[in-house]
Amino acid sequence: MHEPVRFGQQTATKPILPVTAERLFVRRKGRVLLDVEALTIGGRGTTVLVGPNGAGKSLLLNVMAGLRAPDSGRVLWNAEPPNRQRYGRFGMVLQRPVLLRRSVRANVEYALRAVGTSAGQARAEADRALEGAGLLALANASARVLSGGEMQRLALTRALATGPDLLFLDEPTSSLDPASMQTIEAMVKSASEDGMRIVLIAHDLAQARRLGDEIIFMHRGKIVEHAPTDRFFGAPASPEAKDFIAGKILI
Amino acid sequence: MLKTARNWFCVPLACLFAAGTAMAGDFILLQSTTSTQNSGLYEHLLPAFEEKTGIQVRVVAVGTGQAIKNAGNCDGDLLLVHARAAEEAFVAEGGGKERRDVMYNDFVLVGPSADPAGIGGGADAGTALEKIAASRSAFVSRGDDSGTHKKELSLWSGIGIDPVQYSGGWYRETGSGMGATLNAAVGMDAYVLTDRATWISFGNRAGHEILFEGDPSLFNQYGVVTIDPDHCPNVRQAEAKRFVDWLLGPEGQAAIAGFRLGGQQLFYPNAGDGDS
Amino acid sequence: MQDFAASFFEAFRLVAGLDSGLIEIVWLSLKVSITAVFIATVIGLPLGAFLAVTRFPGRSIVIVTVTALMGLPPVVVGLVVYLLLSNAGALGPLQLLYTPTAMIIAQTILVVPIIAALARQTLEDLNGEYRDQLMLFGLGSLARLRTLLWEGRYSLMTALLAGFGRAVAEVGAVIIVGGNINHVTRVMTTAIALETSKGNLALALGLGLILLIIAFAVNALVFLLRAAAERSAYA
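This structure is a prediction, so every number in the text was calculated from the model and none was measured.

Draft legend 1. Fine view of the overall build of chain B. Helices and strands together make up the secondary structure of chain B, namely 12 helices and 12 strands. Taken across its 276 residues, chain B has 53% of its residues classed as buried. Considering only contacts within chain B whose residues lie at least 6 apart along the sequence, 76% involve residues at least 24 apart.

See the structure below:
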């Protein structure tokens, strides 16, 4: 059964990198949730966002993705505000990925069709992407009955399938078993090596070390440290980062 | 059946239009009292007329009061009811054109066979009602401005009792049709006034039976009233007249006399006896 | 108890004998109610979708109103439609009173709030879950809505079935605007009302039983269609 949706043909748009944030500020009920003076995501490699719960990591990603409007400040994708025509060059795996109520293959096909791929081509590309993720055997299964690890892999495959310039991952391996985590990390590494710019939130510092070329440490809505991975873990500049790395609870 | 078979395969939207076009063809709309429908009289009468003339008679059966109101709104081509005073008022006010007698039967007082108020064998209907009121035995009234309801109220006023002051007590108004009211009376072991035709054809009599009958004051005259085209320009005057002529003529009158249920005659034709 | 046993017998007798009068009445019931649900879907689904995904001043009042209208008394709807369609009413010249069309109009009015209110709730919940993901696909608002309708199709189908249940079971509106005319506007519920008023309680109950079976059959059919659709989607 096919969904009666016709996708608009999307025109190729100019690159979206670098993505910059200027004086982002978000406040809810008197509490400052986000207060970022400036941030630029450009070049190559993988940036890992770390910090205690409630530091504003997810909110920062959502604002930079154009999903949430800040109270003040602005986000620019290559000097222009994000708009929906440009999502074809952008990918994101949400903290709780939403899989459509259809087959595994149809989920990937849907993303490809949304960026203007023809139906026949979408199917071939979807199968190739599923094969790369080890999900081809499940192509006809309902996406809603997969295991947690399979769901995360499918969400990542779907985001990678359209070949975005920039990929955001919001805790892609939280609550996964070690095997699933390894598979996901391998997919992320391979995409990064192919030149995709990646920003990911990690709750696990070991993962941050494994995947990150640079680390952004957030605390209370602010970017406290932004440094190459080795320097962040070897010689953290701020006392908050030192405590966080040492496993002390930050409030 | 043939008419609906034609629409058997229609899709929903087409149905909407098909339903509209079903209006075409010769038919008249008869606003009627319920007793004639519930007794099965129309199923006996109408096929003969429809076969002879090709005019379909569509019956909307409601209480007499409601039927006259609907006709006053021009939502009918003909009235067949049983409340002479109201029918004549309808003609006098300009809604109706002409009223003619069609047939008669009578009302009967029905109640639990034990007859707690002892109305059986009384002198007249007024005495029977007085006994019910005096013993405060349950009495169910239509309470719906129907012909039967009007008759019942006129009987009460004849003995100087206003039963409505006891409403909710022993006097219970259902505000419903004859059938629903009979069901209520059977359920409450109550007395009730009904036309004989409805009672004979009623299927849920349980322990109830006719306890008082035969008083001339219980006479029940049915009349037919044509609609004044000056009041309702859309009225199907010619078709309605053909039905009235047939109904009041020898064929219709004989058909009425020939309608029997369980061997009993339910309506007695009397066209031309006392037209106004 | 006697009546219940007798009603089963009556229902069986009517069905087994393929009583032509019964077929006519059942067919008109289905035709009127399915048409009403179809039209109510065309009106109610976009209305519910609009309320689910837009924000405007007075939106909550509209939502509360639509939801409250689920409790519209059929008799009141029948009366209003009667007054409109009567020859003395504004739409009198259309000559629709005492036709199946009048019954369809009345039932449509009864069903629109049910479909709109249930669709609104379904789509609003779904939109909360899907909004970000559909934004990331780069879809415009209409394409997002189309996807929400498709993703919520089974819940929405239940809303349509609820509407159908309301339509096929109500008597108050159709008896007023249809007039319960034999061979023209008599449906299951008005036939039940008529047989009750004739005191034929077993027959009335038997007809009620058949109505229940029809409602069951319609729901079972939709259930089977859904199961078949799921099988073919994931085959």
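We are not done yet, so read on.
Draft legend 2. Broad picture of the confidence of the model for chain B. Summary statistics for chain B give a mean pLDDT of 88 and a share of 89% for residues scoring 70 or more. Scored below 50 in pLDDT, residues 1-24 of chain B shows 28 contacts in the model against residues more than four places distant or in partner chains.

Draft legend 3. Inspection of the pattern of salt bridges at higher detail. Residue and element names in this part refer to chain B. All told, the structure shown has 27 salt bridges over all chains when counted by the stated rule. The partner of D145 in a salt bridge is K150, with the nearest N and O atoms 2.9 Å apart. Linked through salt bridges whose partners overlap, the residues forming this network are R84, E87, E88, R99 and D101.

Draft legend 4. Spotlight on the sheet that holds strand β1 (residues 19-28) of chain A. Residue and element names in this part refer to chain A. With antiparallel pairing, 3 strands are arranged side by side in an open sheet as β2-β1-β4. Edge positions in the open sheet fall to β2 (31-41) and β4 (72-77), since each of these has one partner strand only. Shown here is a sheet whose adjacent strand axes are inclined to one another by a mean of 15 degrees, direction ignored. Sitting on the sheet, helix α1 (residues 57-64) is in contact with β1, β2 and β4, with an inclination near 55 degrees to β2.

Draft legend 5. Quick peek at the state of the cysteines. All names here are of chain B. This model, assessed by the stated rule, comprises 1 disulfide over all chains. Across a sulfur-sulfur distance of 2.0 Å, C74 and C232 are joined as a disulfide pair. Between C74 and C232, the S-S dihedral sits near -75 degrees, and the bridge is therefore left-handed. Of this pair, C74 sits in the loop between α5 (64-72) and β3 (78-81) while C232 sits in the loop between β9 (219-227) and α11 (237-248); the two residues are 158 residues apart in sequence, bridging distant segments of the chain. Comparing C74 with C232 shows no difference in burial state: the two are buried.

Draft legend 6. Just the domain arrangement of chain B, in detail. All names here are of chain B. When the domains of chain B are assigned, the result is domain 1 (2-105 + 221-269) and domain 2 (106-218). A straight line from the C-alpha centre of domain 1 to that of domain 2 covers 28 Å. If you look at the interface, domain 1 gives 17 residues, while domain 2 gives 17 residues. Per-residue buried area on domain 1 facing domain 2 is highest for N38, H82 and N105; these three make up 35% of the total on that side. One can count 0 salt bridges joining domain 1 with domain 2. Of all the elements in the fold, those that place two or more residues in the side of domain 1 that touches domain 2 are α3 (34-38) and α5. Split by residue class, the side of domain 1 that touches domain 2 holds 6 nonpolar, 10 polar and 1 charged.

Draft legend 7. Representation of the environment of L218 of chain B within the structure. All names here are of chain B. Tracing the chain through its elements places L218 in the loop between β8 (208-212) and β9. With a relative accessible area of 0%, L218 lands in the buried category. Separated by 94 residues in sequence, L218 and D124 have C-alpha atoms that sit 9.4 Å apart. With sequence-adjacent residues up to four places away left out, L218 is seen in contact with N105, D106, F107, A125, L155, L193, F212 and E213.

Draft legend 8. Quick peek at the interface of chain C and chain B. Listed per partner, the contact involves 32 residues of chain C and 35 residues of chain B. When the buried area of chain C at its contact with chain B is split by residue, W27, Y98 and K198 of chain C rank highest and sum to 20% of it. Viewed at the interface, chain B and chain C are joined by 0 salt bridges. On inspection of chain C and its partner chain B, the count reaches 13 residue pairs in polar contact (both at pLDDT 80 or more). Listed by contribution, the elements that provide at least two residues to the side of chain C that touches chain B are α2 (20-53), α5 (100-136) and α9 (188-197) of chain C. Per-element accounting of the side of chain C that touches chain B gives the leading share, 8 residues, to α2 of chain C. The residue makeup of the side of chain C that touches chain B, split by class, is 14 nonpolar, 14 polar and 4 charged.

Draft legend 9. Highlighting the environment of A133 of chain A. Residues and elements named next belong to chain A. For A133, the location among the structural elements is in the loop between α3 (119-132) and α4 (148-161). Judged by relative accessible area, A133 falls into the buried class, the value being 5%. A C-alpha to C-alpha distance of 6.7 Å links A133 and T157, two positions 24 residues apart in sequence. In contact with A133, not counting residues within four places along its chain, are R153, T157 and M187.

So, how was this worked out
Residues numbered from 1 in each chain as written. Chains lettered and ligands numbered in written order. Predicted model: local features only at pLDDT ≥ 70, side-chain atom pairs only at ≥ 80, totals over all residues. Heavy atoms only, no water. Helix = DSSP H or I, 4+ residues; strand = E, 2+ residues; numbered from the N terminus. Buried < 20%, exposed > 50% of the residue type's maximum accessible area, 1.4 Å probe, protein only. Contact = heavy atoms within 4.5 Å. pLDDT = per-residue confidence, 0-100. Salt bridge = Lys/Arg side-chain N within 4 Å of Asp/Glu carboxyl O. Pairing = 2+ DSSP bridges. Axes fitted to C-alpha atoms, helices over the stretch in contact; angles between N-to-C directions. Disulfide = S-S within 2.5 Å. Domains from an automatic or database assignment. Buried area = accessible area lost by both parts, 1.4 Å probe. Nonpolar A, V, L, I, M, F, W, Y, C, P; charged D, E, K, R; others polar. Polar contact = N/O pair within 3.5 Å; in protein donor to acceptor, adjacent residues only side chain to side chain.

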